[in-house]
Amino acid sequence: MNNKGLTTITIVLIIIGAVVMVGGAVGGVIGYNAYQEKQQEEAEKKQQEELQRIESSRNNAVTAYNDRINQIVTSLNVEKNGTASIDNNEDVDAMTNAVNELNNMSVEISSDTLITQEQKDALNEAIVGYVATVSNRINNVNEAGEFDPLAAM
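Residues numbered from 1 in each chain as written. Predicted model: local features only at pLDDT ≥ 70, side-chain atom pairs only at ≥ 80, totals over all residues. Heavy atoms only, no water.

Q: Is there a simple way to think about the overall build of the protein chain in this case?
A: Scanning the protein chain for helices and strands turns up 3 helices and 0 strands. Long-range contacts, defined here as pairs at least 24 residues apart, represent 79% of the contacts in the protein chain between residues at least 6 apart. (Helix = DSSP H or I, 4+ residues; strand = E, 2+ residues; numbered from the N terminus. Contact = heavy atoms within 4.5 Å.)

Okay, structure coming up:
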(Lines give C-alpha, C1' and ligand atoms only; values in the text may rest on other atoms or scores of the structure.)
Protein backbone atom coordinates (compact mmCIF):
# COMPACT_ATOMS: atom_id res chain seq x y z
CA MET A 1 0.00 0.00 0.00
CA ASN A 2 2.88 2.28 0.69
CA ASN A 3 4.23 1.63 -2.79
CA LYS A 4 0.84 2.39 -4.26
CA GLY A 5 0.72 5.76 -2.47
CA LEU A 6 4.25 6.57 -3.58
CA THR A 7 3.36 5.65 -7.16
CA THR A 8 0.25 7.80 -7.02
CA ILE A 9 2.19 10.76 -5.66
CA THR A 10 4.86 10.26 -8.35
CA ILE A 11 2.23 10.16 -11.11
CA VAL A 12 0.52 13.25 -9.71
CA LEU A 13 3.85 15.07 -9.54
CA ILE A 14 4.70 14.03 -13.11
CA ILE A 15 1.29 15.26 -14.29
CA ILE A 16 1.72 18.54 -12.39
CA GLY A 17 5.21 18.93 -13.86
CA ALA A 18 3.90 18.25 -17.37
CA VAL A 19 1.07 20.74 -16.91
CA VAL A 20 3.50 23.37 -15.62
CA MET A 21 5.85 22.76 -18.55
CA VAL A 22 3.04 22.88 -21.11
CA GLY A 23 1.60 25.96 -19.41
CA GLY A 24 5.01 27.63 -19.44
CA ALA A 25 5.48 26.82 -23.11
CA VAL A 26 2.01 28.09 -23.99
CA GLY A 27 2.61 31.22 -21.91
CA GLY A 28 5.94 31.73 -23.66
CA VAL A 29 4.32 31.42 -27.08
CA ILE A 30 1.56 33.82 -26.10
CA GLY A 31 4.10 36.29 -24.74
CA TYR A 32 6.27 36.00 -27.84
CA ASN A 33 3.26 36.51 -30.11
CA ALA A 34 2.27 39.61 -28.15
CA TYR A 35 5.84 40.89 -28.46
CA GLN A 36 5.83 40.24 -32.22
CA GLU A 37 2.48 42.02 -32.61
CA LYS A 38 3.81 45.05 -30.73
CA GLN A 39 6.96 45.09 -32.91
CA GLN A 40 4.78 44.88 -36.04
CA GLU A 41 2.55 47.74 -34.84
CA GLU A 42 5.60 49.91 -34.13
CA ALA A 43 7.08 49.12 -37.56
CA GLU A 44 3.78 49.96 -39.26
CA LYS A 45 3.54 53.21 -37.29
CA LYS A 46 7.08 54.19 -38.35
CA GLN A 47 6.31 53.30 -41.94
CA GLN A 48 3.12 55.40 -41.84
CA GLU A 49 5.05 58.35 -40.37
CA GLU A 50 7.68 58.02 -43.13
CA LEU A 51 4.97 57.93 -45.81
CA GLN A 52 3.40 61.06 -44.31
CA ARG A 53 6.80 62.78 -44.28
CA ILE A 54 7.36 61.88 -47.93
CA GLU A 55 3.88 63.07 -48.89
CA SER A 56 4.45 66.33 -47.04
CA SER A 57 7.79 66.78 -48.83
CA ARG A 58 6.09 66.10 -52.17
CA ASN A 59 3.37 68.62 -51.46
CA ASN A 60 5.97 71.19 -50.41
CA ALA A 61 7.92 70.61 -53.63
CA VAL A 62 4.80 70.96 -55.78
CA THR A 63 3.82 74.13 -53.92
CA ALA A 64 7.31 75.56 -54.48
CA TYR A 65 7.12 74.81 -58.21
CA ASN A 66 3.65 76.33 -58.44
CA ASP A 67 4.85 79.42 -56.60
CA ARG A 68 7.77 79.82 -59.01
CA ILE A 69 5.51 79.33 -62.04
CA ASN A 70 2.99 81.82 -60.70
CA GLN A 71 5.71 84.35 -59.95
CA ILE A 72 6.97 84.17 -63.53
CA VAL A 73 3.59 84.39 -65.23
CA THR A 74 2.21 86.99 -62.84
CA SER A 75 4.99 89.32 -63.87
CA LEU A 76 3.68 88.98 -67.45
CA ASN A 77 -0.03 89.19 -66.59
CA VAL A 78 -0.74 85.72 -67.95
CA GLU A 79 -3.90 84.28 -66.47
CA LYS A 80 -4.20 80.63 -65.50
CA ASN A 81 -6.81 79.90 -68.17
CA GLY A 82 -4.28 80.75 -70.84
CA THR A 83 -5.72 84.10 -71.81
CA ALA A 84 -3.66 87.22 -71.61
CA SER A 85 -4.07 90.93 -71.66
CA ILE A 86 -1.76 91.68 -74.54
CA ASP A 87 0.16 94.88 -74.12
CA ASN A 88 2.35 95.64 -77.09
CA ASN A 89 4.57 97.75 -74.89
CA GLU A 90 5.76 94.67 -73.01
CA ASP A 91 9.41 93.81 -73.15
CA VAL A 92 9.94 90.93 -75.59
CA ASP A 93 13.20 90.08 -73.82
CA ALA A 94 11.36 89.67 -70.51
CA MET A 95 8.81 87.41 -72.16
CA THR A 96 11.55 85.38 -73.87
CA ASN A 97 13.37 85.05 -70.55
CA ALA A 98 10.15 83.87 -68.93
CA VAL A 99 9.65 81.22 -71.63
CA ASN A 100 13.25 80.04 -71.17
CA GLU A 101 12.86 79.93 -67.40
CA LEU A 102 9.60 77.98 -67.68
CA ASN A 103 11.18 75.50 -70.11
CA ASN A 104 14.15 75.05 -67.77
CA MET A 105 11.76 74.51 -64.89
CA SER A 106 9.95 71.85 -66.92
CA VAL A 107 13.23 69.95 -67.32
CA GLU A 108 13.88 70.31 -63.59
CA ILE A 109 10.40 69.04 -62.76
CA SER A 110 10.75 66.07 -65.11
CA SER A 111 13.96 64.98 -63.39
CA ASP A 112 12.66 65.52 -59.85
CA THR A 113 12.68 62.13 -58.11
CA LEU A 114 10.57 63.24 -55.16
CA ILE A 115 7.30 64.12 -56.86
CA THR A 116 5.02 61.62 -58.56
CA GLN A 117 4.58 61.32 -62.31
CA GLU A 118 1.03 62.61 -61.93
CA GLN A 119 2.34 65.73 -60.17
CA LYS A 120 5.03 66.18 -62.85
CA ASP A 121 2.40 65.89 -65.58
CA ALA A 122 0.14 68.47 -63.94
CA LEU A 123 2.96 70.96 -63.43
CA ASN A 124 4.32 70.48 -66.94
CA GLU A 125 0.83 70.83 -68.41
CA ALA A 126 0.50 74.22 -66.72
CA ILE A 127 3.94 75.22 -67.99
CA VAL A 128 3.10 74.18 -71.57
CA GLY A 129 -0.05 76.33 -71.45
CA TYR A 130 1.83 79.35 -70.15
CA VAL A 131 4.69 78.94 -72.63
CA ALA A 132 2.22 78.74 -75.53
CA THR A 133 0.42 81.87 -74.34
CA VAL A 134 3.61 83.86 -73.82
CA SER A 135 5.06 82.64 -77.13
CA ASN A 136 1.90 83.81 -78.89
CA ARG A 137 2.27 87.19 -77.21
CA ILE A 138 5.89 87.43 -78.38
CA ASN A 139 4.79 86.58 -81.94
CA ASN A 140 1.98 89.16 -81.81
CA VAL A 141 4.35 91.87 -80.60
CA ASN A 142 6.96 90.96 -83.19
CA GLU A 143 4.37 90.92 -85.98
CA ALA A 144 3.13 94.34 -84.90
CA GLY A 145 6.71 95.61 -85.18
CA GLU A 146 6.45 97.42 -81.88
CA PHE A 147 9.96 96.48 -80.85
CA ASP A 148 11.84 97.14 -84.07
CA PRO A 149 14.80 99.24 -82.90
CA LEU A 150 15.24 100.75 -86.39
CA ALA A 151 11.63 101.86 -86.50
CA ALA A 152 12.17 103.88 -83.34
CA MET A 153 14.86 106.03 -85.04
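Q: Quick question: what am I supposed to make of a nonpolar patch on the surface here?
A: Together, Ile9, Val12, Leu13, Ile16 and Val20 give the surface a local cluster of nonpolar side chains, amounting to about 470 Å² of exposed area. For isoleucine 9, the location among the structural elements is in helix α1 (residues 2-74). (Patch = residues over 30% accessible without salt bridge, like charges linked within 9 Å, V, L, I, M, F, W, Y side chains within 5 Å. Areas by Shrake-Rupley, 256 points an atom, 1.4 Å probe, with all protein chains shown as cover. Salt bridge = Lys/Arg side-chain N within 4 Å of Asp/Glu carboxyl O.)

Q: Quick question: what am I supposed to make of the side chain of aspartate 112 here?
A: Here aspartate 112 lies in the loop between α2 (92-111) and α3 (117-144). Among buried Asp, Glu, Lys and Arg side chains, aspartate 112 stands out as unpaired, with lysine 120 the closest opposite charge at 6.2 Å. If we skip the residues at most four places from it in the chain, aspartate 112 touches Tyr65 and Lys120. (Buried < 20%, exposed > 50% of the residue type's maximum accessible area, 1.4 Å probe, protein only. Lys, Arg positive; Asp, Glu negative; His and termini not counted.)

Q: Can you help me understand the packing of aromatic side chains in this one?
A: Taken as a whole, this structure holds 1 aromatic pair when the rule is applied. Seen from their ring centres, tyrosine 32 and tyrosine 35 are 6.5 Å apart, and the 35 degrees between their planes marks the pair as tilted. Remark: tyrosine 35 and tyrosine 32 occur in helix α1; sequence separation between them is 3 residues, near one turn of the helix. Tyrosine 32 gets classed as partly exposed once you look at its relative accessible area, which sits at 48%. (Phe/Tyr/Trp six-rings, centres within 6.5 Å; stacked < 30°, edge-to-face > 60°.)

Q: Help me out: how do you make sense of the environment of alanine 94 in this one?
A: Along the polypeptide, alanine 94 turns up in helix α2. A relative accessible area of 33% places alanine 94 in the partly exposed class. The sequence separation of alanine 94 and serine 75 amounts to 19 residues, and the corresponding C-alpha distance is 9.2 Å.

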